[in-house]
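# Structure assessment
This is what each chain is made of:
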Amino acid sequence: MSFTDTITLQERGATLVALCTPVDGGPAPDLPSLRRLLDERGYARWTCQADGLDALVDRWHQGGAPFEQAVACREDASLTVEVASDGLTAWLQLTAAHGG
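Small disclaimer: the values here were computed from a predicted structure and weren't measured.

Calculation rules
- Residues numbered from 1 in each chain as written.
- Predicted model: local features only at pLDDT ≥ 70, side-chain atom pairs only at ≥ 80, totals over all residues.
- Heavy atoms only, no water.
- Pairing = 2+ DSSP bridges.
- Helix = DSSP H or I, 4+ residues; strand = E, 2+ residues; numbered from the N terminus.
- Contact = heavy atoms within 4.5 Å.
- Axes fitted to C-alpha atoms, helices over the stretch in contact; angles between N-to-C directions.
- Phe/Tyr/Trp six-rings, centres within 6.5 Å; stacked < 30°, edge-to-face > 60°.
- Buried < 20%, exposed > 50% of the residue type's maximum accessible area, 1.4 Å probe, protein only.

### Remarks on the sheet that holds strand β4 (residues 67-73)
Taken in spatial order, the 4 strands make up an open sheet running β1-β2-β4-β3, and their pairing is antiparallel. In this open sheet, the two edge strands, each paired with only one partner strand, are β1 (7-12) and β3 (47-48). Pairing of β1 with strand β2 (residues 15-20) involves 6 bridges; the strand directions are antiparallel. Directly across from Glu11, in β2, lies its bridge partner Leu16. Across the face of the sheet, helix α2 (residues 50-62) comes into contact with β1, β2, β3 and β4 while running at roughly 155 degrees to β4.

Structural data, given as structure tokens:
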């Protein structure tokens, strides 16, 4: 059994939560394998939360009861326009979407 069989990914609004059930003596995830899992399950474009992935790996190694961990988030694109007080100049800031 692979560790991927014991992780379910669930979208909760703009947050992706991993529902984890560690198995004693079973294979444990590492950061590259977790990123591959997100890619394989269709979340490659979401923004990974590095601290969330680190926390999942640490908690997994502790074993014990099932747990949940936020691992990624979806961000919509945004456009901001700032106009100078004289009205002659404008600045645009575009932020690309990540999974949104």
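### Focus: the packing of aromatic side chains
Counted by the stated rule, this structure contains 1 aromatic pair. Summarising the aromatic geometry, the rings of Tyr43 and Trp46 are spaced 5.2 Å apart at their centres and angled 85 degrees between planes, so their arrangement reads as edge-to-face. Judged by relative accessible area, Tyr43 falls into the buried class, the value being 12%. For Trp46, a relative accessible area of 8% translates into the label buried.

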